[in-house]
Structures are given as structure tokens and as C-alpha cells.
Amino acid sequence: MPLQRRIFLYGALFISTVMVLAGISFYLTISDAIEKEAGERALDIAETTAERPDVILAFQLPDPSASLQPIAETIRAQTDAEYVVIGNQDGIRYAHPLEDRIGKKMIGDDNERALLHGEAYVSEATGSLGPSLRGKAPIFDETGTIIGVISVGFLKTSMTSTFLEYADSIIGIVLIAIASGAIGSMVLARNIKRTLFGLEPAEIASLYRERNALIESVREGIIMVNKSGKITMANNSAYEVLSVPKDKQLIGKLIEEVLPNTQLPHVLTTGESQLDRPMTIHGNKTIVNRIPIRHGNDIIGAVSSFRLQSDIEGMRNEITQVRQYADALRAQTHEHNNLLYTISGLIQLNSLEEAMELIHDETEEQQSLVHFVLKHVQDPLLGGILIGLFNRARELKVKFLLDEESFLKELPPQFEKSLFISILGNLVTNSFEAVEHLPEDQRIVRLLLSNNGSEILIEVEDSGEGLDPSILTDLFKKRISTKNGEDRGYGLVKVYENVRDLNGDIAMESGDLGGALIIISIKTGGN
């Protein structure tokens, strides 16, 4: 059921139930009050009549009914009582609204307390005229002897008519209240629906789950604050960048307590966005974006996203590597163009033998390289990157060796090949850079790729100067570089992350060529 209809029905049902219960309670209260008032009134009339001298004197006459009947009827007419009955000490009627019942015994069996104990009281009984509330009072003579009883009554049927008159008013009030409540529920339902942008609860819950999943999937740290500067949301990446334990509660704290040098309060005050601003968080350089959250013209909060500058520079380094590969391809294209120009010139000079020999040598060398790579590496994608690395090595005058024991079948389909390409590209490129300062005849890089069925083994060795053993433990986890320049130290960190994503192991030691030897083992799940 839609939310708007649900709120309307529940609100109307609740108000209707409350008003019906209130109406019934009010009706019962009025009924009790009317009955109580009628009983007290009947009792007052009975006591007043029992004390009248003419009533007491009439009991001494030979025919008491002749005097008491007019007195009782007069009192009944003046007080609007249903009946005024006067009886002797034996309960025989001396006065009754119906004269044919005079001389007969009073009905109801409720005269004992008045005739025997001299009490005045209110009783409820069924007499000759029907169910009624009665006021009973004993009649005493001059000596204090009980000589009779007076019963003044109001029929229940008459009181019911009075009740119904009140009931009509109560029902009208209840219906008006129910109608007002229904209209109010409808207005409330529409306002709530408008506040929730027309969304149903299930849609809101789904959006909430999707929002949490989306925020947690973002690698950037995200913190939201309300207009008071208190944190209302912080994702896992924010905890990592802030170096805060995940079991520590940040929600509800002032942003200044967590980040003393934050500019979010300034954003809350001015409403100005701050994009790509540098900021140091606990010694780590970050790039921060700060944007106000608005509701109409009011600023109700702000959101800040931040990421370590090293991550951004790492991506920049990857892009740089891609550009380097592109430059290598352009260089190769340029080299082939030069070859074609040379061949064209030889043909124009009619030096056909020299042209044929040049074409044969170039074709033989390239085919030999392609045949060698395809023989040892059967995966086309990895073979392509290897050929590109060979061409890059030839341009850099580096002797790039693919170990003759290398043999790698096509990678399993569940493996992310881009990770392998990144691993190979980073390792071999680092090795090229490690030997580029050496004399040309000493620039050697060796690569081994093998698959024994249960694991893939990658070895990259160079003839460089090697690495200091003291930095080996942190080499893959921190930005450490032995080369000059600020934009360094990302390659091996990226290799470590990719190997970890492939559930592999990585190690480094001194190689036979005199430089570093990096060994990577990746389980394939085979036998």
C-alpha cells in the first residue's frame, strides 16, 4: 500500500477509534450522572414529603387515601416525578398515580430498609410501572414510630430518552472530530510524501543501502557535517586517511576535534566550494574538495572528500608509463619509417641487392623475435607487451633476455590480465632504468616466465647496482626510490598491490648479474 494512503488510513482509523471510545466514555459518564442526579432528586422529594405534617396527620384519619392521594399527585406534578407512592407500614398503597392500584401491596420488595430500619435510600427495582430509580423514605409519627413509607420514582425509560438526547449531540461531535481527523491525516500524508520526494519507504531503504554501498566503494575519504559542524557520516577510507581506528566513533563529534586545521566551518559560513585544495593530515599530504550542502537558500551542512596525494601521483605515474609505451611505439614507427626511406632510396639508386639484403635482415630479425616470444609465451596479450619491451630495450641499447627456460601458457580466464601487464611493465621498466647509466655492453635485463601447473613464476633480474638490504622490508609498501627525481617510488608499490590482488607472493634478493632479482609467485590452483 502506498505510504500516503497508509498514513491516511492509519491516521483516520486511530482518530476514529479514539473518538468512538471517547464518545462511549462520555455517554457512560453522562448516563451515570443523570442516574445519580435522578436518584438524589427522588430521595430529596421522598424525604421532604415524609416530613410534611399533613402527610403524617393523614395516617391518623379513617380514610388516609382520601387525603394522601391529592397530596401525592400534587407533588408528582410539581416535581415531574413519574410516580409518588405512599404506603403504610405493611406496604399497602394509600396513594398511587393509578387509583385502581390503591389498596394493593407495593411491588419491588425494596421497602424493608425503610419500614424495618428507618433508613432513607435510593434503590433500583421494577415496580408496577416498570424499572425505575426510587427514593425511599420512612414516615414517622410524633412518637418516632414508623407508620409508612414514601416512594418517589423516575422510570428508566424516561432517563433513556434523556440519554439519547445527549447521545445525538455526542455522535455529532464524534463524527465532526472523525471528519476533521481524516482531513488532517490526508494533509499530513501529503506533506510527508512531499518531504520524502514522493518516495515509498521501501525505495528510501533501498536508496539508503545503495548510498552506503556507493560511499564505501569510493576510495576517497568522505566526511559529512551538519550546519553545527558535527560529523554525520564518515566512510572507511576516511578512517584510513585520518589514521583513526575503525572502532572509534566519529559520528557526533565536532569536525575541529578530528581535523583541527579543517576549512569546513569556513565553507559552512560562506557557502563557497573549495576544490583540489592541498592539506596535510597527520603528516600525509592530501588533495581535498569541500562543497556545501544546500536546502533551498539555506546551508544545512557540508561534505569533504580527500585522497592521499601519493595515490594521485601514483595514477599519474601509471599514465606516464602508458605515455612511455606510446613514445616507444612512436619511436619504433619512426625507426621503421627511416628503414622504409632507406629502402626507397636504395631502389631509386638501383641498388637492388643492397635493398633486398636490408629487407631480409630486418624481416629475419623481427620474425625471429616474434617466433621466439610466441614459442615461450602463448598468451597473445603478454606476448604483445613482451615484444614492445624488446623494442624498447633495443631503443635504449639494453640487452633484454627472455630466459630460455621460460614457458607460459595462456593465463587462466579468472585472472585479470591487466594486472600481469602492469606487473611486467613496472618491473622491466624499473630494470631498464637501473642499468641505463651503465656502459652499453653492461646493460643486461633478464626475464623468466614459467608455469608449472600450480603456480606462475616471474623473475626479473638486472645488472645494476642492486638495493640496500635495509630498505627491502619497506620497499613494496612505501615510496622508496634509488633514482633521482621527486615523482618516483610508485612502481614497486603498484607491483606489490597487484600481486596482492592476485593472491601472490613477492620477494627480492641479489641476482647473478650483480643487481636486484625480484621473484613473484602466483598460485593458479592447478595440480
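It should be noted that the structure appears before, not after, this text.
All values derive from a computational prediction rather than experimental measurement.

Taking 1.5 Å of rise per residue, 19 residues should cover 27 Å, and helix H13 (residues 417-435) covers 27 Å from first to last C-alpha, within 8% of that figure. Within H13, 15 of the 19 residues are buried, which leaves the element mostly enclosed by the surrounding structure.

Spatial ordering of the open sheet is given by E11-E12-E13-E15-E14, a layout of 5 strands whose pairing is mixed. Each edge of the open sheet is held by one strand with a lone partner, namely strand E11 (399-402) and strand E14 (504-510). Put simply, the sheet's adjacent strands are angled 15° from each other on average, direction ignored. The sheet contact formed by strand E13 (residues 455-462) and strand E15 (residues 516-523) spans 7 bridges and is antiparallel. If you follow Ile 456 over to E15, its bridge partner there is Ile 522. Relative to the sheet, helix H12 (residues 380-396) contacts E11 and strand E12 (444-451), its axis offset from that of E11 by approximately 155°.

Across all of its chains, the model carries 7 salt bridges by this definition. Linking Arg 113 and Glu 119 is a salt bridge whose minimum nitrogen-to-oxygen distance equals 3.0 Å. We classify Glu 119 as partly exposed; its relative accessible area is 32%. Linking Glu 455 and Lys 523 is a salt bridge whose minimum nitrogen-to-oxygen distance equals 3.8 Å. In this pair, Glu 455 sits in strand E13 while Lys 523 sits in strand E15, placing the two residues 68 residues apart along the sequence. Its relative accessible area of 53% is what places Lys 523 among the exposed residues. Three or more residues are tied together by salt bridges with common partners; here these are Asp 403, Arg 446, Glu 459 and Glu 461.

Turning our eyes to something else, we now look at unusual backbone geometry. For Asp 80, which is not a glycine, the phi torsion comes out positive at approximately 60°. Mapping Asp 80 onto the fold places it in the loop between helix H3 (64-79) and strand E1 (83-88). The class for Asp 80 is exposed, based on a relative accessible area of 58%.

In this sheet, strand E9 (residues 284-295) lies alongside strand E8 (residues 274-281) in antiparallel orientation, the contact comprising 6 bridges. When the sheet's bridge partners are listed, Ile 281 is paired in E9 with Asn 284. Joining the antiparallel neighbours E8 and E9 is a turn of 2 residues, in which His 282 adopts a positive phi near 50°.

Time to look at the packing of aromatic side chains. The geometry of an aromatic ring pair is captured by the separation of the ring centres together with the interplanar angle, meaning the angle of the planes. Summed over all chains, the structure comprises 3 aromatic pairs. Between Phe 59 and Tyr 94, the ring centres sit 5.3 Å apart and the planes meet at 55°, which makes this aromatic pair tilted. Here Phe 59, found in the loop between helix H2 (53-58) and H3, pairs with Tyr 94, found in strand E2 (residues 93-95); they are 35 residues apart in sequence, far enough to count as distant. Following the ring pairs from residue to residue traces out a cluster consisting of Phe 390, Phe 400 and Phe 432. For Arg 113, the ring lying beneath its charged end belongs to Tyr 121, and the centroid distance is 4.1 Å.

On to a negative patch on the surface, then. Where like charges cluster on the molecular surface, the negative patch consists of Glu 37, Glu 40, Asp 44, Glu 47 and Glu 51. For Glu 40, the position within the fold is in helix H1 (residues 3-50).

Glancing now at the side chain of Ser 123. Its location among the elements puts Ser 123 in strand E3 (residues 121-127). We classify Ser 123 as buried; its relative accessible area is 13%. Setting aside residues up to four positions removed in sequence, Ser 123 forms contacts with Asp 110, Ser 132, Leu 133, Arg 134 and Lys 136.

Further remarks concern the nonpolar core. Counting 38 residues, the largest nonpolar core has Phe 400, Phe 420, Leu 447, Ile 458 and Ile 520 as the members making the most contacts within it. Secondary structure elements with two or more residues in this core: H12, E11, H13, E12, E13, helix H14 (491-501) and E15. Excluding residues within four positions of it along the chain, Ile 458 makes contact with Phe 420, Ile 423, Leu 424, Leu 447, Leu 448, Leu 449, Ile 518, Ile 519 and Ile 520.

Strands sit in the order E7-E6-E10-E9-E8 across an open sheet of 5 strands; the sheet is antiparallel. Sheet topology places strand E7 (231-234) and E8 at the edges, where each strand pairs with a single neighbour. In this sheet, adjacent strand axes meet at a mean angle of 25° when their direction is disregarded. Two elements, strand E6 (residues 221-226) and strand E10 (residues 298-308), share 6 bridges in a ladder whose sense is antiparallel.

About the thresholds
Residues numbered from 1 in each chain as written. Predicted model: local features only at pLDDT ≥ 70, side-chain atom pairs only at ≥ 80, totals over all residues. Heavy atoms only, no water. Helix = DSSP H or I, 4+ residues; strand = E, 2+ residues; numbered from the N terminus. Expected span 1.5 Å × (residues − 1). Buried < 20%, exposed > 50% of the residue type's maximum accessible area, 1.4 Å probe, protein only. Pairing = 2+ DSSP bridges. Axes fitted to C-alpha atoms, helices over the stretch in contact; angles between N-to-C directions. Contact = heavy atoms within 4.5 Å. Salt bridge = Lys/Arg side-chain N within 4 Å of Asp/Glu carboxyl O. Phe/Tyr/Trp six-rings, centres within 6.5 Å; stacked < 30°, edge-to-face > 60°. Lys NZ or Arg CZ within 6 Å of the ring centre and 35° of its normal. Patch = residues over 30% accessible without salt bridge, like charges linked within 9 Å, V, L, I, M, F, W, Y side chains within 5 Å. Areas by Shrake-Rupley, 256 points an atom, 1.4 Å probe, with all protein chains shown as cover. Lys, Arg positive; Asp, Glu negative; His and termini not counted. Charge placed at Lys NZ, Arg CZ, Asp CG, Glu CD. Core = buried A, V, L, I, M, F, W, Y, C linked by side-chain atoms within 4.5 Å.

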